[in-house]
Amino acid sequence: ANLVTLGKVWGFAKYHHPRVTAGDFDWDQQLLDVLPAVRDAPDREAALDAMNAWLERLGPVEPCDRCAEVPSDGHLDAPVAWIEDTAMLGADLSRRLGHIHANRPDGGGQHYVAHQPGVGNPLFLNEDDYADDPAPDEGLRLLALYRFWNVIQYWFPYRDLIDDDLDALLAEFVPDVLDASDAQAYRLTMLRLIARVKDTHANLWSDVAVRPPGGSLRVPVAVRFIENRAVVVDYQDDTHGPATGLEIGDVVEAVDGVPVETLIRQWEPYYAASNRPTRLRDIGRSLLRGSSASVAIAFERGGTRMETVAQRLAIGEMDPTRGLTHDLDGPAFQRLSPDVAYLKLSSVVAESAASYIERAEGSQVFVIDIRNYPSEFVVFALGGHFVTESTPFARFTSARAANPGVFTMGPAVSVSPRAPHYPGRIVILVDETSQSQSEYTAMAFRAAPNALVVGSTTAGADGNVSPIPLPGGLRSLI
């Protein structure tokens, strides 16, 4: 409990104390210096006294000349009510934190966080990733937890959509990171932590290969979960794929004797995603991975249970992109019939937007297939041909350095009309492969008055990305 409180106090001071936000201290080292006194405190009172004395040593917080004010139109409020909890903090520490909060200056930047010019998403600055130490010691492991947790607490715009109570999450993972004493255990623990944020962008991107099942080999077939069943949807090698004994449409039921449902339960905690369809998307891509050259696979074909022993290949020996998107083969634009035009965004060309509309002339329906990732940004270049007046489709939240944890809603972003106009029906295809820019594009196109979105749950990873360096040379995002 003392270490949980220390993580909250350290993070609060990191983003609120004027001398810390000015960069007067190495805040990581400050944590490592105070940590032994808190960890070894004989009781709660001694731990709180250690934290209070530590903050006092930073020097007095002078009254601010122009103090920050909380905006009246906040979308999310600052998560700082806990600093008034004298039962948790004691009167002296609570009073000190309240004084720091009341005297945070307005304007200016912060040493550890800035915001992307013209965009607004946070940039985490001056953060050491301690890459020379792949197996961080106890102090650096706690630092990793505290750094990530406080980024979520103060700079994550979807904080209100997390299923877990953040205080309970911090309390849960303090003992977990303390126990994670080797490099592998540490990375898996951080994966589990990051996955609890439920953001498809927020993975352990530097070390995603440590997710189960591990291994550098894979059966050369693409597996996609359809109606919660693991279905073979493509071969990733034209020779070795069919040689596995699996056919497109087969439903994988067990791998080396372990039912797929059991594997999902075991692996899900390590797969970061905003929703279950996207977690299953990523599990499907790893389902037949492993370190052994062969694997026993039980599957269903046409209602009959069958088995095969399939050979795995090195992933570099196959085409791992086959089966990952679900659009049509062939050119980007296709005239499927006199009434139906089709455009897939995986190979779209922005400067050809007007020509696509011209080639679709006379059709009744224009299918825009975004079951992929756009090859170019076409939100305005193409979307403008679907509207006859300026049409709003999104608003962005943003934060400011003076009010960590507060997010305000910005003005609407609109698509403006372009010639020639497409007058027919717009049908937008999406599924679990539609992620980030794909989703933003779908948001824009669906704002057209005659648009219809067809498909299934998308990846839930809209917005701009902010990298987070972590001890051990790790890297995450929000």
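These numbers were taken from a predicted model, which means no experiment stands behind them.

**Structural notes on the packing of aromatic side chains**
- All told, the structure shown has 17 aromatic pairs when counted by the stated rule.
- Residues Phe366 and Phe386 carry aromatic rings whose centres are separated by 6.1 Å and whose planes lie at 80° to one another, so their mutual orientation is edge-to-face. Residue Phe366 is found in strand 15 (residues 365–369), and its partner Phe386 is found in the loop between helix 14 (379–383) and strand 16 (391–399); the two are separated by 20 residues along the sequence. When sorted by exposure, Phe366 lands in the same class as Phe386, which is buried.
- Taken together, the ring pairs in this structure connect Phe333, Tyr356, Phe366, Phe386, Tyr422 and Phe445 into an aromatic cluster.
- The aromatic ring of Tyr112 is capped on one face by Lys14, whose charged end is 5.0 Å from the ring centroid.

**Observations concerning the nonpolar core**
- By size, the foremost hydrophobic cluster in this structure holds 96 residues, and its most contacted members are Leu6, Val9, Trp27, Leu97, Tyr146, Leu287 and Ile297.
- The dominant element in this core, judged by the number of residues it contributes, is helix 7 (residues 138–155), at 12 residues.
- Discounting chain neighbours no more than four positions away, the residues touching Leu97 are Val9, Phe12, Leu55, Trp82, Ile83 and Leu89.

**Here we look at the pairing of strand 6 (residues 229–235)**
- Of all 7 residues making up strand 6, 5 are buried, and the element is well covered by its neighbours.
- Remark: 2 residues form the turn of the hairpin made by strand 5 (residues 221–226) and strand 6, two consecutive strands paired antiparallel; Glu227 in that turn has positive phi of roughly 50°.
- One ladder, built from 2 bridges, connects strand 6 with strand 7 (residues 251–255); its direction is antiparallel. If you follow Val231 over to strand 7, its bridge partner there is Val251.

**Some thoughts on the sheet that holds strand 1 (residues 74–76)**
- Taken in spatial order, the 3 strands make up an open sheet running 1-17-16, and their pairing is antiparallel. At either margin of the open sheet sits one strand with a lone partner, and together these are strand 1 and strand 16. For this sheet, the mean inter-axis angle between neighbouring strands, taken without regard to orientation, is 50°.
- For strand 16 and strand 17 (residues 407–415), the ladder comprises 7 bridges, and the chain directions are antiparallel. Along strand 17, the bridge assignment pairs Thr391 with Val415.
- Helix-sheet contacts for helix 15 (residues 437–445) involve strand 16 and strand 17, and the interaxial angle to strand 16 is about 135°.

**Observations regarding the pattern of salt bridges**
- Enumeration over the complete set of coordinates arrives at 30 salt bridges.
- A salt bridge links Arg196 to Asp164; its shortest N-O distance comes to 2.9 Å. With a gap of 32 residues between them, Arg196 in the loop between helix 9 (183–195) and strand 4 (217–218) and Asp164 in the loop between helix 7 and helix 8 (166–179) connect regions that are remote in the sequence.
- Residue Glu268 is joined to Arg279 by a salt bridge in which the shortest nitrogen-to-oxygen separation is 3.5 Å. Separated by 11 residues along the polypeptide, Glu268 in the loop between helix 11 (260–267) and helix 12 (276–286) and Arg279 in helix 12 bring together distant segments of the chain.
- Residue classification places Glu268 among the buried positions, given a relative accessible area of 19%.
- When its relative accessible area of 12% is taken as the criterion, Arg279 is described as buried.

Reading guide: rules and limits
- Residues numbered from 1 in each chain as written.
- Predicted model: local features only at pLDDT ≥ 70, side-chain atom pairs only at ≥ 80, totals over all residues.
- Heavy atoms only, no water.
- Phe/Tyr/Trp six-rings, centres within 6.5 Å; stacked < 30°, edge-to-face > 60°.
- Helix = DSSP H or I, 4+ residues; strand = E, 2+ residues; numbered from the N terminus.
- Buried < 20%, exposed > 50% of the residue type's maximum accessible area, 1.4 Å probe, protein only.
- Lys NZ or Arg CZ within 6 Å of the ring centre and 35° of its normal.
- Core = buried A, V, L, I, M, F, W, Y, C linked by side-chain atoms within 4.5 Å.
- Contact = heavy atoms within 4.5 Å.
- Pairing = 2+ DSSP bridges.
- Axes fitted to C-alpha atoms, helices over the stretch in contact; angles between N-to-C directions.
- Salt bridge = Lys/Arg side-chain N within 4 Å of Asp/Glu carboxyl O.

Take it as geometry only, folks, not as evidence of what the structure does.
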